[in-house]
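Observations on the model geometry
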Amino acid sequence: MSCVRAVRGLAAVCGFQPLAVLSRGVSFSPRQVASDASFHSVSFSESDHPRVLITGGLGQLGVGLAKLLRKQFGKYNVILSDIRKPPAHVYQSGPFIYSDILDYKNLREIVVNNRISWLIHYSALLSAVGEANVSLARDVNITGLHNVLDVAAEHGLRLFIPSTIGAFGPMSPRNPTPDLCIQRPRTIYGVSKVHAELMGEYYHHRYGLDFRCLRYPGIISADSQPGGGTTDYAVQIFHDAVKTGKFVCNLRPDTRLPMMFIDDCLRATLEVLEAPAETLSMRTYNISSMSFTPEELVQEIRRHLPDLQVTYEIDPVRQAIADSWPMVFDDNNARSDWGWKHNYDLPELVQTMLNFSGSNFRMVRAS
Ligand SMILES: NC(=O)C1=CN([C@@H]2O[C@H](COP(=O)(O)OP(=O)(O)OC[C@H]3O[C@@H](n4cnc5c(N)ncnc54)[C@H](O)[C@@H]3O)[C@@H](O)[C@H]2O)C=CC1
Ligand SMILES: CC(=O)[C@H](N)C(=O)O
């Protein structure tokens, strides 16, 4: 069978349409999605490990994800990238490369030279920072996304892009929020994430791109700082509680939001990336583990640190954002399709965070 007929046959079976006739040796315009993207959707053999690139890898989540993936796939198969200079311990922990997602050629070169097969796209401006700089957020979160989608489609990569509880808005059902419902977010962050969900799914159906997406709740981590979001208070409180015994909260005490411990979030990411395609009835899933208010979090922390003093100085921008977001996330589809299950609820989260923050703080004080 000729190559051309093979493409058409496969396209008919898979329900996607190649943009152009497969033509090896003829160079593609970077802005044209490659005709043969679907042929490479797993461009490594089954026995090989994937070659992974993480964009925006120096933020709250990337270093932890690289550590998890390196354990699974080998140190040199996972490349962290960012536009910032890595701290020494990150630089020494495995491959790091400069990559600005706004530079399409640079991104393409990295993918080609390093034989990348999985692309994990973490670069973004988060909700509060995004509102403070809409035009940069539009560039990074939307123009950058387009570059990533095109590179992934052109080179047949498996592409993971996280979405967020922030992809919902005041018109969405908030308790619980299902996977499929009205999404009219009022932040540039949320708008860009809905765009990412829809574009990823469009490329999947149109070109066979292996796009996978999880909507993360607010993520709580001990050894990495959040990058300017609405849920940041739930990380900061642990550091302040241990260091000073005082915390000033920028959200109202009754603001309920879905949250998750970082270990659950990163494990979910690996699990959905490894899930056999036939188990995925959707390409964008909510994941959930707990929901709490600042007041409930304070109560739980006070079980360990009874003298914690908390005052409330509401940030109107963050409060308005939080009031438009889901209170409880419905993740039944993730649980039934690919077996998602969380390990950390609120008491375990608090215990783990305090153990880490406490020992870390004692080390800092001793040195
Ligand atoms: N941390 C959280 O609570 C949640 C995070 N997410 C998503 O997970 C992903 C990772 O989140 P975080 O690590 O918390 O974000 P972060 O804000 O901590 O880090 C983002 C990284 O992107 C990098 N970046 C900015 N412009 C760039 C550019 N032009 N090229 C390359 N890199 C650039 C920054 O230098 C930064 O290191 C984001 O897409 C975010 O939307 C989703 C929901 C919750
Ligand atoms: C929930 C998120 O997406 C992020 N932490 C933010 O608050 O912007």
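As the structure is a computational prediction, the values presented were derived from the model and not from experiment.

Here helix 7 (residues 188–207) spans 27 Å end to end across 20 residues, near enough to the 28 Å set by a 1.5 Å rise per residue. Every buried residue of helix 7 is listed here: I188, Y189, G190, S192, K193, V194, A196, E197, G200, Y203, H204 and Y207. Contacts from the buried residues of helix 7 go to helix 5 (127–132), helix 6 (134–154), strand 6 (163–164), strand 7 (210–216) and strand 11 (284–286). Backbone geometry just downstream of helix 7 places G208 in the positive-phi region, at approximately 80°.

Before going further, it helps to spend a moment on the environment of Q236. Along the chain, Q236 falls in helix 8 (residues 233–243). Exposure remark for Q236: the relative accessible area of 31% places this residue in the partly exposed category. A C-alpha to C-alpha distance of 9.0 Å links Q236 and C249, two positions 13 residues apart in sequence. Aside from chain neighbours lying at most four places away, what touches Q236 is Q225 and F247.

Per the stated rule, a full pass over the model turns up ten aromatic pairs. With a centroid separation of 5.2 Å and an interplanar angle of 85°, the aromatic rings of Y203 and Y207 are classed as edge-to-face. Placement of the pair is Y203 and Y207 together in helix 7, with a separation of four residues, close to one helical turn. When its relative accessible area of 9% is taken as the criterion, Y203 is described as buried. Between the aromatic rings of Y285 and W338, the centroid separation amounts to 5.9 Å while the plane-to-plane angle is 80°, which identifies the pairing as edge-to-face. Here W338 lies in helix 12 (residues 332–338) and Y285 lies in strand 11, a separation of 53 residues in the sequence. Taking the relative accessible area as the measure of exposure, Y285 reaches 1% and is therefore buried. Connected via pairs of aromatic rings, a cluster forms that spans Y122, F160 and Y216.

All right, on to the environment of I219 then. Tracing the chain through its elements places I219 in strand 8 (residues 218–220). For the pair I219 and L266, spaced 47 residues apart in the sequence, the C-alpha separation amounts to 9.9 Å. Once residues lying within four places of it in the same chain are set aside, the contact partners of I219 are Q60, L61, T231, V235, M260, I262 and C265.

The subject of this paragraph is the site of ligand 1. The immediate surroundings of ligand 1 are formed by 26 residues, with Q60, D82, R84, D100 and Y189 found nearest. Within the backbone of Y122, an N or O atom sits 3.2 Å from an oxygen atom of ligand 1. Mapped by element, the contributors of at least two residues to the shell around ligand 1 are strand 6, helix 7 and strand 8. Tallied by class, residues from the shell around ligand 1 come to 13 nonpolar, nine polar and four charged.

Parameters and conventions
- Residues numbered from 1 in each chain as written.
- Chains lettered and ligands numbered in written order.
- Predicted model: local features only at pLDDT ≥ 70, side-chain atom pairs only at ≥ 80, totals over all residues.
- Heavy atoms only, no water.
- Helix = DSSP H or I, 4+ residues; strand = E, 2+ residues; numbered from the N terminus.
- Expected span 1.5 Å × (residues − 1).
- Buried < 20%, exposed > 50% of the residue type's maximum accessible area, 1.4 Å probe, protein only.
- Contact = heavy atoms within 4.5 Å.
- Phe/Tyr/Trp six-rings, centres within 6.5 Å; stacked < 30°, edge-to-face > 60°.
- Near = heavy atom within 4 Å.
- Polar contact = N/O pair within 3.5 Å; in protein donor to acceptor, adjacent residues only side chain to side chain.
- Nonpolar A, V, L, I, M, F, W, Y, C, P; charged D, E, K, R; others polar.

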